[in-house]
Structures are given as C-alpha cells and as structure tokens.
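Listed here are the chains, written in short residue letters.
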Amino acid sequence: MVGIVISNYNGWADTVKCLESLRRQTFRDFRIYLIDDASTDDSPAQLRAALQPGDVFLPQARNLGFAAANNLGIRRAWQDGADAVLLLNNDTACAPDLLEQLLRHTPPGAVSCPKMLFMDPPDEIWFAGGTLDRRRCTVTHEGGHAKDGPAYSQKRQVGFITFCCVLLPRAVIEQIGYLDESLFMYCEDVDYCLRLADAGIPLWYVPQARLWHKAGGTAGGMLSVYYITRNTLALRCRGRSRAFRWGQTAKALLAGGVSCLAAALLGHRHGRSYGRWRGAVDFAKGVTGRMPERRKGGD
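Just so it is clear, the structure is predicted and the values come from calculations on it, not from any experiment.

1. A closer look at the pattern of salt bridges
Then comes step 1: Throughout the structure, instances matching the rule amount to 17 salt bridges.
Then comes step 2: In this structure, Asp55 and Arg23 form a salt bridge, with 2.8 Å as the shortest nitrogen-oxygen distance. Of the two residues, Asp55 sits in the loop between α2 (43–50) and β3 (56–59) while Arg23 sits in helix α1 (residues 12–23), which places them 32 residues apart along the sequence.
Then comes step 3: Exposure remark for Asp55: the relative accessible area of 18% places this residue in the buried category.
Then comes step 4: Overlapping salt bridges bring together Asp180, Asp191, Arg195 and Arg238 as one network.

2. Some remarks on the pairing of strand β11 (residues 165–169)
Then comes step 1: Counting buried residues along β11, 5 of its 5 residues qualify, which places the element largely inside the surrounding structure.
Then comes step 2: Every second residue of β11 is oriented toward a common face, with Cys165, Leu167 and Pro169 on one face and Val166 and Leu168 on the other, all of them buried.
Then comes step 3: Pairing of strand β4 (residues 84–89) with β11 involves 5 bridges; the strand directions are antiparallel. Its bridge partner being in β11, Ala84 is matched across the sheet by Pro169.

3. Here we look at the nonpolar core
Then comes step 1: Membership of the largest hydrophobic core comes to 83 residues, with the highest contact counts inside it found for Ile4, Ile6, Val85, Leu86, Leu87, Leu88 and Val111.
Then comes step 2: Here this core takes 7 residues from strand β12 (residues 203–213), the largest share from any one element.
Then comes step 3: In contact with Leu87, not counting residues within four places along its chain, are Val5, Asn70, Ile74, Phe163, Cys164, Cys165, Val166, Leu168 and Leu179.
Then comes step 4: Of all hydrophobic cores here, the second largest spans 5 residues; its members include Leu233, Ala252, Ala280 and Phe283.

4. Re the side chain of Gln101
Then comes step 1: Note on placement: Gln101 falls in helix α4 (residues 98–105).
Then comes step 2: Assessed through its relative accessible area of 12%, Gln101 is described here as buried.
Then comes step 3: Contacts of Gln101, omitting those with residues within four sequence positions, involve Val206, Gln208 and Ala209.

5. Some thoughts on the packing of aromatic side chains
Then comes step 1: By the definition in use, this model includes 5 aromatic pairs.
Then comes step 2: For the pair Phe127 and Phe160, a centre-to-centre distance of 6.1 Å together with 80 degrees between the ring planes defines the contact as edge-to-face. Here Phe127, found in strand β7 (residues 125–127), pairs with Phe160, found in the loop between β10 (156–158) and β11; they are 33 residues apart in sequence, far enough to count as distant.
Then comes step 3: Judged by relative accessible area, Phe160 falls into the buried class, the value being 1%.
Then comes step 4: With centroids separated by 5.7 Å and ring planes inclined at 55 degrees, the aromatic side chains of Phe163 and Tyr192 adopt a geometry described as tilted. Residue Phe163 is found in the loop between β10 and β11, and its partner Tyr192 is found in helix α6 (residues 188–198); the two are separated by 29 residues along the sequence. We note that Phe163, like Tyr192, is buried.

6. Some remarks on the confidence of the model for the chain
Then comes step 1: The share of residues in the chain with pLDDT of 70 or more is 95%, and the mean pLDDT across the chain is 94.
Then comes step 2: Between residues 295–299, whose pLDDT stays under 50, and residues either more than four places distant or in other chains, the model counts 14 contacts.

7. A short note on helix α8 (residues 242–265)
Then comes step 1: Over its 24 residues, α8 runs 34 Å from end to end, which matches the ideal 34 Å to within 8%, given 1.5 Å per residue.
Then comes step 2: Buried within α8 we find Gln248, Thr249, Ala252, Gly256, Ser259, Cys260 and Ala263.
Then comes step 3: Elements in contact with the buried residues of α8: α7 (221–237) and α9 (272–285).
Then comes step 4: Positive phi appears at Gly267, one or two residues downstream of α8, with a value of about 90 degrees.

8. Some details on the pairing of β12
Then comes step 1: For β12, the buried fraction is high: 9 of the 11 residues fall into the buried class.
Then comes step 2: When strand β5 (residues 92–94) meets β12, the two strands line up antiparallel, connected through 3 bridges. Residue pairing across strands places Ala93 opposite Trp212, the latter belonging to β12.
Then comes step 3: Pairing geometry for strand β6 (residues 111–118) and β12, over 8 bridges, is parallel. Among the inter-strand pairings, Phe118 is bridged to a residue of β12, identified as His213.
Then comes step 4: Examined bridge by bridge, β10 and β12 share 3 bridges and lie antiparallel to one another. Paired with Arg156 across the two strands is Tyr205, which belongs to β12.

About the cut-offs
- Residues numbered from 1 in each chain as written.
- Predicted model: local features only at pLDDT ≥ 70, side-chain atom pairs only at ≥ 80, totals over all residues.
- Heavy atoms only, no water.
- Salt bridge = Lys/Arg side-chain N within 4 Å of Asp/Glu carboxyl O.
- Helix = DSSP H or I, 4+ residues; strand = E, 2+ residues; numbered from the N terminus.
- Buried < 20%, exposed > 50% of the residue type's maximum accessible area, 1.4 Å probe, protein only.
- Pairing = 2+ DSSP bridges.
- Core = buried A, V, L, I, M, F, W, Y, C linked by side-chain atoms within 4.5 Å.
- Contact = heavy atoms within 4.5 Å.
- Phe/Tyr/Trp six-rings, centres within 6.5 Å; stacked < 30°, edge-to-face > 60°.
- pLDDT = per-residue confidence, 0-100.
- Expected span 1.5 Å × (residues − 1).

Take a look at the structure:
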C-alpha cells in the first residue's frame, strides 16, 4: 500500500482538485492522508465534504509547517502498514497513471519523482529533475518553462528532487529519517536530498509519470524569501567552522540589509527584501522552526 500524504493550508479549492485527480488513479492500492495545517479559512469543512471512505483526515489545531505536517502523515501511513509514501503538494493534478508509472519505473531502493508540468500552460515543464550544489546548498530545476518534448522524456538519475511530489520507500525513510522540522518550510527537500546522497541512495526522474503543478507557493512573497534565506544558510553552514558560519552570515546580512534599505526607500518596507534581511538576522540568532511573530506584510 502507498500512503499519499498531502498538507493543506488555506488552499482547499486546489486540494479538492488534487483529490479528484487521485480518485482516477489506475493503481488502486493507496490511501490518502490529508493534513489540514490549522487553516484560517473554511478548509476543514470543505475538505471533510470531499473525503471518501478510507481517506484519513488529520486536522491540526496549530500550524506545524510543511516538514512536521508531512512527518505526521508519514508516521500515520506507517501505522497502517504502508510500503511507501508519496509526498504530494496540494496544488497539483495527477495523470491517471501517475502512481502506476512511478511504481513500475522506479528502481528498487531508489527515490523518484514524475515529470512536473505547469497547469497553465499545461505543455511547459515546471520540473524535469534537478541538480544540487552541495557547497552552496542551492538547486537548479531542469526544463523550467521549456516546452515538453523528447529532451525531457528520458528516465535518468538526478541530483535533486523537489518534494512537490516524491516517492519515498519505507526502507529509505527508516534509514534516512524524517524531514527536518527545524526548517519549518522550504529547503527540507534540499536537506533530504543531501542526506540521501550521503547514504548512496539514488534519485530518479521518471517522465513516464506526469502531474501538473499550479505553482506559486503556499507562503509566497516575504515569507518564502525569509525561510529560503534562513534555511539555506543553516544547511550551508551545517558542520562547518565558526569562522565559515560568521563569514556566510556577514555576507547575507550585508546583502539583505542593502536590499531592504533600497526597498524601504521605494516604500516596500516589509516585502521580499525584508524577508531576506530577517532570514539572515534570525539565522544569526539561531532561530529555527516557525518565523517569530512580527509584522509579515507583503510587497
């Protein structure tokens, strides 16, 4: 049995469409684990209405973040005897044979992902495998906005898989562990791919399986920049010397400060530039998990 783990936060309309695409899967031995991560809209009621017998709904009283919410779903899937989990973003729509193709073409003991296209336009690539720069802890998506075609239709081993959609065998998680909850959201896939590489577990891009991704991000704007900045610094400096850590922090603080000042002069006081500055500041302070409550305005 495959456990399909989906986390929702104020996005019930997208989640319902995702669930509808899963109802049409040709491979039927799966169970959906849907976590509502303390949404502030009417997601819980809307999602309950969309559930079917066998689905597991796990509404939360407080916002856990992407990593912890997915870990919750994974643990519940293990309790129910799942052999693997598919972590899936809620703003996706899966081809009817996505699970069938992933399971058929993924080598034993490997981690895999499908071809991911934009919902609009649906023939443009969002993700066709990726590369990971271990030194900088940054990633590159291959095929971004290119038209789908033969260049993106070959199964191959890759260095990075986005956790927008990833198939993780139970044995792999038992060996590698769960997602790092200190990151809260963003970069948890970078961290996990680094850990997979260290363990010698291969990552495969399986284009026979397809999905369409709305893209745009659960947080977006300042929040996404904040978490990416802070968490990238955390991964880049992990296990490095104090001098390296402070060198990286100083560079990030300088770049963020200049960007934040320039944005403030243009009247954007709490936008993306502020997120870059706050991310560097909070990394320097050792902040992990959810962003401390302060003003979170947008651009």
